[in-house]
Amino acid sequence: MTIRYERDGDIAVLVADNPPLNTLGEQTRKGLSKGITRAIGEGAKAVVIYGDGRSWFAGADIREFGRPPVTPYLPDVCNQIEACPVPVIAAMHGTVLGGGLEIALACHYRVAVETAKMGMPEVNLGVIPGAGGTQRLPRLAGFAPAIEMITGGRSISASKALKLGIIDRIAEGNPKEIGLDYAASLLRDDQGPRPVSAMNTPQQVDFAAAKAKVKQTARGQLSPLVALDAIEASSRLSFAEGLAVERRLFHSSEETGQCKGMIHAFFAERQVSNLPELRGIMSREVSEIGVIGGGTMGAGIATAALLAGLRVTLIEITRDATEAAKARIGGNLSGALKRGKISEAQYDRIFAESLTLSTEYGDLSDTDLIIEAVFEDMAVKKQVFAQIEAIAKPSAILASNTSFLDINEIAASTGRARNVIGLHFFSPAHVMRLLEVIVGDETAPDVVATGFALGKRLNKIAVRSGVCDGFIGNRILSRYSTAADHMVLDGASPYQIDRVVEGFGLPMGPFAMADLAGLDIGQATRKRLAPTRDPRDRVPTYADTLCEKGHRGQKTGRGYYAYDGRARTENADVLPLIDAERERLGIKARTFDDDEILRRYMAAMVNEAARVVGEGIARRPLDVDVVLLMGYGFPRYHGGPLKWADMQGLSGILSDIQEFAKDDSYFWQPAPLLEQLVAQGRTFDDLNKEQSV
Ligand code: NAI
């Protein structure tokens with residue numbers, strides 16, 4: 001049974017026993033419903049509900065989403081609990097999320113332990129609370145906090161919940177004890193049921209202003225706005241009418257593709273580090289890491305490691321450079337302090353005890369894992385690896401944070417190729433959650449396992465990638481950026497392209513992104529690839545001119561855009577340079593409509609992603625999806641590029657590629673895997689399922 005029925009004198013106790021998270025699947029809902037009926041039938045004076053194991057009900061069973069609903073429905077179970085003629089007490093610990101919080105709101109009294117966390121994260125899965133949450137929460141907490149919790153999807157602490165009136169008390173002890181204690185005190189005081197649905201609706205707020213705010217932060221995501229509509233309904237309708245509106249809106253949100261995309265993202269993120277090749281492989285012990293180079297990335301990586309409780313020794317070239325690195329790390333840690341991630345005492349301890357800065361490679365002789373984050377230059381990297389090899393202990397893992405360079409070549413330059421791996425962090429490394437673990441031809445399995453273990457320790461989402469230019473993410477990025485460059489050569493403006501891409505839901509279009517990374521980075525990549533470039537490859541040169549004029553992007557205040565703080569306007573120098581290049585190449589500019597821009601951009605992304613999977617660089621389509629979601633701001637509600645492609649229909653994307661190939665058959669070569677899937681009538685998700693472990 002997923003709900004056990006017990007008695008403690010006059011009090012009936014319903015114990016959730018559906019480990020590990022007590023999710024509210026069919027059997028649990030049935031158990032709750034039966035338990036309440038039995039408690040009433042037996043004449044219990046009160047009912048206490050609590051969860052066994054780690055948590056109260058942590059939410060709905062997401063595997064049931066999108067399937068035909070099965071009775072008893074959660075809203076009905078909630079209503080049944082609320083209608084119970086004797087007081088029902090929720091005694092909570094662990095994570096009280098989504099449907100779990102809705103059950104609690106249907107109870108008449110709520111007590112929780114101090115460490116409990118509560119929230120309504122439904123919008124993060126593309127749906128809205130559907131079991132009375134949008135109607136009951138405002139009645140308890142007021143509109144503004146309810147709007148924030150439901151449309152933002154973030155959890156709050158028990159003490160905040162107490163302050164907001166969502167729970168009645170915080171108590172110490174196990175959930176059963178605190179529930180029974182509370183029930184006994186209510187019975188002593190002769191307190192009866194206290195249904196939230198009968199409470200008055202709170203003071204009105206300006207829903208139009210709230211909508212404008214939610215729209216801005218949701219960036220194309222529909223569920224927060226739908227949730228707001230449901231909350232707004234509670235401000236003007238009876239409870240029963242409001243519930244009916246919530247129900248209707250819940251179903252409409254469930255039917256959108258956004259829900260499918262977000263649920264895919266949710267599972268993909270959990271699946272991504274689950275690799276058959278790592279089963280049973282022990283990772284190596286890592287308690288101290290070395291970082292070489294204390295620039296943007298090295299300082300960020302060091303910060304991430306320090307925040308995770310690791311000791312860090314950072315090597316720079318000169319004393320001044322170590323001081324600069326220290327200042328960068330200090331800045332990063334102050335940010336963490338400001339956001340409440342660490343206390344002042346922790347901040348001081350990290351600086352005093354966990355961080356060593358040095359110019360001597362010899363200080364790394366005891367280090368378990370050394371990450372190089374020096375300039376992106378093969379000769380420099382090889383030289384650094386030779387220096388590391390000379391001092392590192394034999395079991396040390398030697399890692400590179402390179403963005404594009406060949407890990408096999410770096411490994412081969414050492415006598416320890418089995419211990420060499422790529423650990424590709426994203427900037428800012430102490431904030432961004434993606435980590436690409438680059439596995440070379442010779443990398444030992446336990447070194448790979450250690451890369452994943454380190455990722456987990458640093459609270460990152462680690463994705464396995466094989467070796468190729470740019471690995472999974474930057475390789476695909478290069479491809480769709482090139483598609484954008486070609487459109488510019490042929491007549492589109494960079495600003496139109498950025499607007500279309502940002503309208504699709506990405507935080508930045510390719511040209512704004514180039515400005516952020518620095519136009520000199522793009523220039524260096526073009527130079528590096530020039531010797532091996534196919535003559536049919538179309539490469540614009542206006543960006544090099546821009547660079548040479550000192551317009552290198554955000555860091556110089558000008559690139560494609562001119563920057564005034566964070567505000568950007570078009571840089572007037574750009575379009576004339578593009579016109580001049582078109583003239584030189586004899587290209588007559590044509591107009592692109594927004595739809596074509598998006599189709600070309602996404603077709604380039606999907607096609608390259610299909611190659612990356614087809615070549616085995618990424619193990620599964622979902623690995624690519626997670627990289628683009630976590631590292632490149634791909635909107636979760638589109639699920640990742642390959643989930644998006646599945647939802648669009650792969651044959652349409654393939655025919656787009658074939659049509660674009662009429663003008664440029666070199667760039668637009670369909671990926672064999674894409675052709676194969678279309679021929680077989682299969683999807684990328686079918687591949688995910690075949691390869692899931
Ligand atoms: P950066 O230029 O900010 O920092 C490089 C640092 O390495 C400098 O402080 C320099 O003094 C130091 N350095 C150079 N040679 C050294 C040596 N022999 N020993 C010790 N220190 C040395 O560069 P950034 O942006 O931090 O990039 C570092 C690496 O990370 C590059 O391989 C880059 O491709 C990669 N990367 C960069 C990302 C970014 O967004 N900036 C993202 C992911 C990877």
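Keep in mind the model is a prediction, meaning the values are calculated, not measured. (Residues numbered from 1 in each chain as written. Predicted model: local features only at pLDDT ≥ 70, side-chain atom pairs only at ≥ 80, totals over all residues. Heavy atoms only, no water.)

A. Representation of the overall build of the protein chain. For the protein chain, the count of helices and strands is 29 helices and 19 strands. Here the C-alpha atoms of the protein chain give a radius of gyration of 28 Å, agreeing with the 26 Å that 2.2 N^0.38 yields for 693 residues. The proportion of buried residues among the 693 residues of the protein chain is 55%. Within the protein chain, counting contacts between residues at least 6 apart in sequence, those at least 24 apart form 73% of the total. Per element, the accessible surface of the protein chain, about 29,100 Å² overall, is 51% carbon and sulfur. Taken as two groups, the 79 positive and 86 negative side-chain charges of the protein chain have centres that lie 2 Å from each other. (Helix = DSSP H or I, 4+ residues; strand = E, 2+ residues; numbered from the N terminus. Rg over C-alpha atoms; globule rule 2.2 N^0.38 Å. Buried < 20%, exposed > 50% of the residue type's maximum accessible area, 1.4 Å probe, protein only. Contact = heavy atoms within 4.5 Å. Areas by Shrake-Rupley, 256 points an atom, 1.4 Å probe, with all protein chains shown as cover. Lys, Arg positive; Asp, Glu negative; His and termini not counted. Charge placed at Lys NZ, Arg CZ, Asp CG, Glu CD.)

B. Region of the structure containing the sheet that holds strand E1 (residues 3-8). Here six strands make up an open sheet; going across it, the order is E1-E2-E3-E4-E6-E9 and the pairing mixed. Looking at which strands have only one partner, the edges of the open sheet turn out to be E1 and strand E9 (169-170). In this sheet, strand E3 (residues 46-51) lies alongside strand E2 (residues 11-16) in parallel orientation, the contact comprising six bridges. Residue pairing across strands places Val15 opposite Tyr50, the latter belonging to E3. Running over the sheet, helix H1 (residues 26-41) touches E1, E2 and E3 and is turned about 25° from E1. (Pairing = 2+ DSSP bridges. Axes fitted to C-alpha atoms, helices over the stretch in contact; angles between N-to-C directions.)

C. Seen up close, the side chain of Gln523. Tracing the backbone through its elements, the reader meets Gln523 in helix H21 (residues 519-529). Residue class for Gln523 comes out buried when judged on its relative accessible area of 13%. Within polar-contact distance, the side chain of Gln523 engages the side chain of Glu548 at 3.2 Å. Aside from chain neighbours lying at most four places away, what touches Gln523 is Asp544, Cys547 and Glu548. (Polar contact = N/O pair within 3.5 Å; in protein donor to acceptor, adjacent residues only side chain to side chain.)

D. Region of interest: the sheet that holds strand E5 (residues 95-97). The sheet built from three strands is open, its strands ordered E5-E7-E8 with mixed pairing. Two strands in the sheet have a free side with no partner beyond their single neighbour: E5 and strand E8 (156-157). Judged from the three bridges that link them, E5 and strand E7 (residues 117-119) form a sheet pairing that is parallel. Bridging across to E7, Leu97 finds its partner in Gly119. The sheet contacts of helix H3 (residues 99-106) involve E5 and E7, and relative to E5 the element is tilted by about 85°.

E. Spotlight on the domain arrangement of the protein chain. You can read the domains of the protein chain as domain 1 (3-255), domain 2 (281-465) and domain 3 (473-692). Spacing between the C-alpha centres of domain 1 and domain 3 amounts to 44 Å. (Domains from an automatic or database assignment.)

F. Seen up close, the pattern of salt bridges. Overall, the coordinates contain 44 salt bridges when judged by the stated rule. Measuring nitrogen to oxygen at the nearest pair gives 2.5 Å for the salt bridge that ties Arg636 to Glu269. Here Arg636, found in the loop between helix H25 (621-631) and helix H26 (641-648), pairs with Glu269, found in helix H11 (residues 257-271); they are 367 residues apart in sequence, far enough to count as distant. What emerges from the salt-bridge pattern is a single network uniting Arg4, Glu6, Asp17, Asp52 and Lys176. (Salt bridge = Lys/Arg side-chain N within 4 Å of Asp/Glu carboxyl O.)

G. Region of the structure containing the state of the cysteines. Evaluated as defined, the whole model comprises zero disulfides. Between Cys84, a free cysteine, and Cys107, which holds the nearest cysteine sulfur, the sulfur-to-sulfur gap is 9.5 Å. (Disulfide = S-S within 2.5 Å.)

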